[in-house]
Each structure stands twice: as C-alpha cells, then as structure tokens.
Amino acid sequence: GMQAHRQNPRAGAQNALANMSIRVILADDHAVVRAGLRRLIDASPDIHVLAEAESGEQAFREYLAQRPDMAILDLNMPGMGGLEALRRILAHDAAARILVLSMHEDIVYPARALQSGACGYVTKRCAPEALLDAIRVVARGEIFLEPRIAQQLAMRGVTGKEEPLMELTAREFEVFRLLAAGQSVNEIAAVLFLSAKTVGTYQTHILKKLTANNLS
C-alpha cells in the first residue's frame, strides 16, 4: 500500500501541470504545416493542442466549442480567411487571445491583424523557439511581434505619415524601443519603474498609433 501512497502526490502534481498548460487551437489549411506545428507544440510541456482546424469557419467553430486559452490562425485559408475568423471570434469573446502565423512578411498583414484585434504576429520563417515564446506571451494577454516586424511597423510609415514614430510621446517611444528589442511587458515595467498594467496601456496606445488607419 505504501508504494501507491507514495506515488499519489506525483500523480497530483502531473494533473496540476496538465491544468496549467496553455490550451491552444491550431488553424492552418496545410496538413503538413499543422502536423509540424503540433509536434513542436506538443513537445513543450507547458503547451497543449486541443483541436485543429483547416478553414476559418472550422477555426471559429472549434474556438466556440473548446474555449481554448489562445488560438493560432493562418491568414490564408479557404472560405472565410484568418482575419474574418479572428473578427468573429473576437465578436463572441472580446478577451480572445489570438496569434497570427502567416507566410506574409509584408507589413500590411501584421498591421491589419493587429488592427483587427490579434495579440501577436509571427511569420512562418520564425525560429521554432520564437513561435513557442509567442504562444506563451499571447496566452498571458501580452502582445508579441517578431522584432523585425515591430521595427518595420514603426519605420515603414504604416500610418501613411512619413514618421509614425514621431507621433509617439517620449515615454511611449521608450516602451516601443524595449518591445522592439524583445522585452516582455514585465521586464519593461521593471526597467521603467512602472506597473505592468501601465506598460500594457502604453503598448495599446503605441499599436493604435503605429497601425492608425491608412490601410482601409
């Protein structure tokens, strides 16, 4: 009886871990891409794929059925694309945390995705570790951009003005610079002696300014 007794706490700890893991749905119309992503994600002890989808419609249905912690959406899918799925998910669940994973590197795509309410954008060329980081950051409700994309968003005049960065206040610029360097909200809060909530608010203002509509 002692043997079983000794193992119980461990079983309990494993269950607790399972409950703490980030529950994800994965939407991409390429089966091979999905299989590769699933292998990558399932190899991480803290992330778990609940369901897969191969179209925007299916992603939307799975999201409502599964209520995951976050969703990973490809933009180009048959039928309703990733952006439309993202809008519908957010219409049903304003707090939905969505990471867009796309082959599109052109800055219009991440700008659009962020405007539509995505919490993050990574390209399919990103390193596996970067994708896992992105999942963790977005699941915490923070924003994740590949540094290259963050820099492009700032530099390429997404706002249609010459220098969108000039629109930022000094404090916003400092937060932006740290975000672009890959710092997390908590790290930035510590550096600038601000609360994480305040940094989160800055981040929202910054993204609004950088993605302000010249794209419609």
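What you are looking at is a predicted structure, and each value in this text was computed from that prediction instead of being measured.

**Student:** If you had to explain the pairing of strand β5 (residues 120-123) to someone new, which residues and values would you point to?
**Tutor:** Side chains G120 and V122 of β5 all project onto a buried face; the interleaved residues Y121 and T123 project onto the opposite face, where all are buried too. In this sheet, β5 lies alongside strand β4 (residues 98-102) in parallel orientation, the contact comprising four bridges. In the sheet register, V100 faces β5, and the bridge partner there is Y121. Regarding topology, helix α5 (residues 108-115) serves as the crossover connection from β4 to the parallel β5, and that connection is right-handed. As paired strands, β5 and strand β6 (residues 144-145) are joined by two bridges and run parallel to one another. Of the residues in β6, the one forming a bridge with Y121 is L145. With helix α6 (residues 128-139) bridging β5 and the parallel β6, this β-α-β connection has left-handed handedness.

**Student:** I'd like a rundown of the nonpolar core, residues and numbers included.
**Tutor:** Counting residues in hydrophobic clusters, the biggest one holds 45 residues, and the most contacted among them are L73, I98 and L145. If we ignore the near neighbours within four places in the chain, the residues touching I98 are A71, L73, L86, I89, L90, A118, C119, G120 and V138. Core analysis: the second largest hydrophobic core is formed by 22 residues, I22, I72, A134 and A139 among them.

**Student:** Account for the confidence of the model for the protein, naming residues and giving values.
**Tutor:** Of the residues in the protein, 84% reach a pLDDT of 70 or more, and the chain-wide mean stands at 83. Confidence drops under a pLDDT of 50 for residues 1-9, and excluding neighbours within four residues, the segment shows zero contacts in the predicted structure.

**Student:** Go over helix α4 (residues 82-92) with me, naming the residues and quoting the values.
**Tutor:** Within α4, burial applies to G82, L83, A85, L86, I89 and L90. Each buried residue of α4 sits inside an arc of 160 degrees when the element is viewed along its axis, so together they form one side. Away from the buried face of α4 by more than 90 degrees, exposed residues A91 and H92 are located. Where α4 is buried, its residues touch α3 (56-66), β3 (70-73), β4 and α5.

Cut-offs used in this document
- Residues numbered from 1 in each chain as written.
- Predicted model: local features only at pLDDT ≥ 70, side-chain atom pairs only at ≥ 80, totals over all residues.
- Heavy atoms only, no water.
- Buried < 20%, exposed > 50% of the residue type's maximum accessible area, 1.4 Å probe, protein only.
- Helix = DSSP H or I, 4+ residues; strand = E, 2+ residues; numbered from the N terminus.
- Pairing = 2+ DSSP bridges.
- Right-handed = clockwise from strand over helix to strand, strands pointing away.
- Core = buried A, V, L, I, M, F, W, Y, C linked by side-chain atoms within 4.5 Å.
- Contact = heavy atoms within 4.5 Å.
- pLDDT = per-residue confidence, 0-100.
- Arc of directions from axis to C-beta.

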